[in-house]
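# Structure assessment
Below are the chains, spelled out letter by letter.
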Amino acid sequence: MAGAESGGSAFSMSSVVADWSLVVWTLCAVILPVLITVWCSFHRSRRQTLIRDIFCKSKHDWHYTDLFGQPSYCCVCAQHVLRGAFCSCCGLRVCEGCLKKADQQFLCKEVMMRSDGVDRSSMPHHWIRGNVPLCSYCMVCKQQCGTQPKLCDYRCVWCQCTVHDECMLDCLKVEECTFGEFRDLIIPPYYLSTIDQMRKDKRTDYEKVVPYCRKHWIPVIVLANTRSGNNMGETLLGEFKILLNPVQVFDLSKITPAKALQLCTLLPCNAVRVLVCGGDGTVGWVLDAIDEMKIKGQERFIPQVAILPLGTGNDLSNTLGWGAGYAGEVPVEQILRNVMEADGIMLDRWKVQVTSKGYYNLRKPKVFTMNNYFSVGPDALMALNFHAHREKSPSLFSSRIINKAVYFFYGTKDCLVQECKDLNKKVELELDGERIELPNLEGIIVLNIGYWGGGCRLWEGMGDEPYPLARHDDGLLEVVGVHGSFHCAQIQVKLANPVRLGQAHTVRLILKSSKMPMQVDGEPWAQGPCTVTITHKTHALMLYHSGEQTDDDASSMSEQEHVREQTDEDV
């Protein structure tokens, strides 16, 4: 009996020990991964905090990337790196471990030279070793650089010249930098230091400083909207900062155009060019800021405006020859060449005044500035629906293709519902004071430029009738009507013509009853009974790029020449 009891107690003890060991191992299996995860999260958070602290205090414009776009080597330890930090101004690339050392060891681009009491008209090269651009050639031996799989060769951050390690001579380290191909667009650091000294001396004759730079100097200011269209603005900002002085490149999500354009007042009169990277809305924002400069009495500093189309429609960009949309297919260097070679042209800007009925003494009229077009009807309804959904979920509308697909969806829906039918019974139209009898319509569109609806030449239609081409600098508006969304789609693929209602210097539209969708340059709203008056406001100085000609442009030009030939024969 005693043996049996002792055996039973021993068995129970061993089972208890086994149960406790199972509990311990289970706890270890659960708690250990949790502890490892917490430790890794803490370490990652601490590392990110240190990196962020370096980024904030640094004179470099550091950005972190999980994967470099090309083979890269750390400028400190010379090891191959897949991820790390890079400076969008000078092009330095480093691994995480060497970030602090690189920040202390290497100087970034100086946007303004330190004042030492001496007027300078030149500066030496600023060489950075390694990670030279692909297909670059040595300025000494003319052979290709960066071909070895290691940190090698040098690049000047200003003129972009490259030199082999073995070709780098002491004389090159102190040689005067010429600023390279884009010397006529770059604002040199010594120019800004001279201007700063003149401002301290309360002198404003900045024109006398220009000979220190060069004769044909047309400095460019880049204004990029990082929220436009396909979200390429962030990448473009870095590429422009590499090629130009970083002080010339502005992110419109961090600074307004009005503040950025004050740089024009420090530059020669009538010489500055502005490159707007964004959609037509961004261009209108910049042109409004230029109008404010006119009000302030800064007419002589007004710049000429070029466009890099990043939006969805880009009709103004298309009209001025800059293309229907940019997706990175053209190198930034070629864009700057196009800006240098572009010709000046005028763009009419119009005042759109909307006066609601019954509120003459209570509400001020709504006033808009129009560059592209005004419309009431199905296209305004599509824009209104698109705008409402983009406000709710902006992250879903970051692609130009998705945006156009959403427009297509709402256009198809309107073909079935026809929310804007019998528009001709609800509105009255006057062109230069003369009332126009309207046929059965669903929409009216008032055009200032040749393109509409993301690349359609609306006024010309199919091009089978000898109508004069729509111009953006003649002080005239083209007014057309459409029968509905399906008719708009037919016009866009050149299967139908619009209902041409006429041309006028002043357009007056009276909405007698109900509420209708309206838009000015893609900014839509729902409007009750009102009177819309469109009159000429001012002109804008734009840049026209003749090298970007579409098939529609070519056909329209040939049609215009054919009409002229027929006219000459009749005469």
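Residues numbered from 1 in each chain as written. Predicted model: local features only at pLDDT ≥ 70, side-chain atom pairs only at ≥ 80, totals over all residues. Heavy atoms only, no water.

For clarity, the threshold we go by: UniProt positions are given in the numbering used here, feature names are shortened, and annotations may be inferred rather than shown by experiment.
An unreviewed UniProt entry lists the chain under the name Diacylglycerol kinase, with Alectura lathami as the source organism. On record in UniProt, under Sequence similarities (unreviewed entry), the comment for the chain is "Belongs to the eukaryotic diacylglycerol kinase family."

### With respect to the sheet that holds strand 23 (residues 523-527)
Heads up, the condition is: For two strands to be treated as a pair, DSSP must find at least two bridges joining them. In DSSP terms, a helix is any run of H or I states spanning at least four residues, a strand is any run of E spanning at least two, and both are numbered starting from the N terminus. Axes, fitted as lines to C-alpha atoms, cover a helix only where it is in contact. Angles between the N-to-C directions of the axes lie from 0 to 180 degrees.
A sheet is described by the order of its strands in space; here 6 strands give the open sequence 20-19-18-15-22-23, paired in antiparallel fashion. Looking along the sheet, the strands with just one partner apiece sit at the ends: strand 20 (499-504) and strand 23. Averaged over neighbouring strand pairs, the angle between their axes works out to 15° when direction is ignored. Note that strand 22 (residues 516-520) and strand 23 share 5 bridges and pair antiparallel. Residue Q519 lies in a different strand from strand 23, and its bridge partner there is P524.

### Comments concerning the sheet that holds strand 6 (residues 127-129)
Strand pairing within a sheet occurs via backbone hydrogen bonds; the two strands may be parallel or antiparallel. Pairing is antiparallel in the open sheet, where 3 strands are placed in the order 6-7-8. Each edge of the sheet is formed by a strand with only one pairing partner; in this case those strands are strand 6 and strand 8 (162-163). Two strands pair when backbone bridges link them, and strand 6 and strand 7 (residues 154-156) are joined in this way by 3 bridges, in the antiparallel orientation. Counted as the bridge partner of R129 is Y154 from strand 7.

### With respect to the confidence of the model for the chain
Do not read the predicted coordinates in detail wherever pLDDT is low. Filter applied, for reference: What pLDDT reports is the predictor's confidence in each residue, on a scale of 0 through 100. Here, two residues are considered to be in contact whenever any of their heavy atoms come within 4.5 Å of each other.
When pLDDT is averaged along the chain, the result is 83, and 83% of the positions lie at 70 or above. For the chain, the element scoring lowest by mean pLDDT is helix 13 (residues 551-570), at 43; strand 9 (residues 220-224) scores highest, at 96. With pLDDT under 50 throughout, residues 548-571 is counted as low confidence; its partners more than four residues away or in other chains account for 22 contacts.

### Quick notes on a nonpolar patch on the surface
Basically, it comes down to this: To count toward a patch, a residue needs a relative accessible area above 30% and no salt bridge. Like charges then connect within 9 Å, nonpolar side chains (Val, Leu, Ile, Met, Phe, Trp, Tyr) within 5 Å. Surface accessibility follows the Shrake-Rupley procedure with a 1.4 Å probe radius. Residue values consider only the protein chains on display as shielding. Whenever Lys or Arg places a side-chain nitrogen within 4 Å of a carboxyl oxygen from Asp or Glu, that contact is recorded as a salt bridge.
A cluster of nonpolar side chains, contributed by W20, V23, L27, V30, I31, V34, L35 and V38, occupies part of the molecular surface with about 770 Å² of accessible area. Within the secondary structure, V23 sits in helix 1 (residues 2-57).

### Section: the packing of helix 5 (residues 233-243) against helix 9 (residues 332-341)
Operational definition: When describing relative orientation, an angle under 35 degrees is termed roughly parallel and one over 145 degrees roughly antiparallel, while 65 to 115 degrees is termed roughly perpendicular and anything else oblique. Two helices cross in a left-handed way if the nearer one is turned anticlockwise from the farther one by less than a right angle. They cross in a right-handed way if the turn is clockwise.
Viewed as axis vectors pointing N to C, helix 5 and helix 9 meet at an angle of 70°, and their least axial separation amounts to 10 Å. For the element pair helix 5 / helix 9, the angle class is roughly perpendicular. Every pair of crossing elements has a handedness; the one defined by helix 5 and helix 9 is right-handed. Residue-level contacts link L236, E239, F240 and L243 of helix 5 to V332, E333, I335 and L336 of helix 9.

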